[in-house]
Amino acid sequence: MKKRILVLAVLVLCMAGGALAWRALRPAPDAGPVVLYGNVDLRQVSLAFKDAERVARVLAREGDRLAPGALVAVLETDRLDREISRAKARVAAQAAALARLENGSRPQEKRRARADADAAAVELANAERTFARLRALSGTGAAREQDVDDALAARDRAAARLRVAQAQLALVEEGPRREDIDEARAALAAQRADLAVLEQRRADSELRAPLSGVVRSRLLEPGDMASAQRPVCTVAITDPKWVRAYLTETQLGRVHEGMPAEVAIDARPGQPLEGWLGFISPTAEFTPRNVETPELRTSLVYEARVFVRDPNDVLRLGMPATVTLREGHAVPVRTGETRQANATASASPTAQTEAPPTAQTEASQ
């Protein structure tokens, strides 16, 4: 009886050990793809004029698709055009003044200065002869002392006039001072800079789309006063688009940036869109109120952005989406741009990362 009990105990122990060994050594079951739930997100731009002026025309309407550089609205420019005309006149006047200084004295001015110097020399010679004669006659008593003094003064005045004429001739032949030319050149540069500012304001009076998108709201009408604080319209940037979702702690170790993804929406059952995991937040946060996840609301999650290729523009802002991440080759992403995009996204919850080269090529086309 004891032997039977002992054999039975040994068999039980062997079975238990075998079960434990089988459980420890058996291959782990396939966890399957990572499924995330989130909402479609995209960037929006508020287009506004730089200057405060009355709106003349608004060409964009809700729903219009804008290409890069498309004209959106125009300001009134009557006063600005007059200011530009006046600035052009000032530039022309200052340019003429600079040219006059750079060209120096005209030949006629030089000939006149030489003639004045020659006339002063003739007057001086005549005054010297007159003074010499009167001084010779004063010794004989034929000339008064007053006449001699007057002749001496006349000679000195003629000598002074000759020096003045010679100095004037030297100035005319040498031309304007270098400092005067530099001053005129600097004044011309300032006038041209003022004109460039006005012309830039004239160019800024036409509001153009910085990139492709769809007009969401038209906020101003012709006759309204526009300013930098009052946008004319808001534009939704349709490329790139992404799904903002959240990863749990257990899912974090199974995913990586560049991982291929499929994005499914209720409006197109059975027709998923291709995408890739473009960004994983480096910091954890509490589950936001609008996140869709089976985990508890108090658990920590990591924001993830799954970029989507949407050539037919079927995704809309805020649309709920289901993301399935699968193992595969990573989407080719340029390392430098990815690091910069991830830094921007981690710094601001609403910042947008750069799309990979394939998406950028599609957007440019």
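In the block above lies the structure referred to throughout.
Keep in mind it's a predicted model, so treat the numbers as computed, not measured.

**Q** What exactly am I supposed to notice about the packing of helix H3 (residues 107–138) against helix H4 (residues 145–174) here?
**A** The relative placement of two packed helices is expressed as an angle between their axes plus a distance between the axes. Contact geometry for H3 and H4: axes closest at 8 Å, N-to-C directions at 160 degrees. Classified by the angle their axes make, H3 and H4 are roughly antiparallel. Note on packing geometry: the crossing formed by H3 with H4 is left-handed. Tallied by class, residues from the contact of H3 with H4 come to 18 nonpolar, 3 polar and 12 charged.

**Q** I keep staring at the sheet that holds strand S5 (residues 71–75) and nothing clicks. Help me out?
**A** Paired through their backbone hydrogen bonds, the strands of a sheet run either parallel or antiparallel. Read from one edge of the open sheet, 4 strands run S6-S5-S3-S8, paired in antiparallel fashion. Every interior strand has two partners, whereas the edge strands, strand S6 (206–208) and strand S8 (225–226), have only one. Taken together, the 3 bridges between strand S3 (residues 53–58) and S5 define a ladder with antiparallel strand orientation. If you follow Arg-57 over to S5, its bridge partner there is Val-74.

**Q** Would you mind showing me how to read the nonpolar core here?
**A** Buried together is how nonpolar side chains tend to be arranged in soluble globular proteins. Ranked by size, the top nonpolar core spans 22 residues in total, and within it Val-255, Leu-277, Val-323 and Leu-325 carry the most contacts. Setting aside residues up to four positions removed in sequence, Val-323 forms contacts with Val-34, Val-35, Leu-36, Val-243, Ala-261, Glu-262, Val-263 and Val-306.

**Q** Explain the pairing of strand S15 (residues 320–325) to me, please; I cannot follow it from the model alone.
**A** Consecutive side chains of a regular strand alternate in pointing toward one face of the sheet and then the other. Relative to S15, strand S1 (residues 34–41) is paired through 6 bridges, and the arrangement is antiparallel. Bridge assignment links Leu-36 to a residue of S15, and that residue is Val-323. Here 4 bridges tie strand S11 (residues 260–264) to S15, and the two strands are oriented antiparallel to one another. Following the sheet pairing, Val-263 is matched in S15 by Val-323.

Parameters at a glance
Residues numbered from 1 in each chain as written. Predicted model: local features only at pLDDT ≥ 70, side-chain atom pairs only at ≥ 80, totals over all residues. Heavy atoms only, no water. Axes fitted to C-alpha atoms, helices over the stretch in contact; angles between N-to-C directions. Helix = DSSP H or I, 4+ residues; strand = E, 2+ residues; numbered from the N terminus. Parallel < 35°, antiparallel > 145°, perpendicular 65-115°, else oblique. Left-handed = near helix turned anticlockwise from the far one by under 90°. Nonpolar A, V, L, I, M, F, W, Y, C, P; charged D, E, K, R; others polar. Pairing = 2+ DSSP bridges. Core = buried A, V, L, I, M, F, W, Y, C linked by side-chain atoms within 4.5 Å. Buried < 20%, exposed > 50% of the residue type's maximum accessible area, 1.4 Å probe, protein only. Contact = heavy atoms within 4.5 Å.

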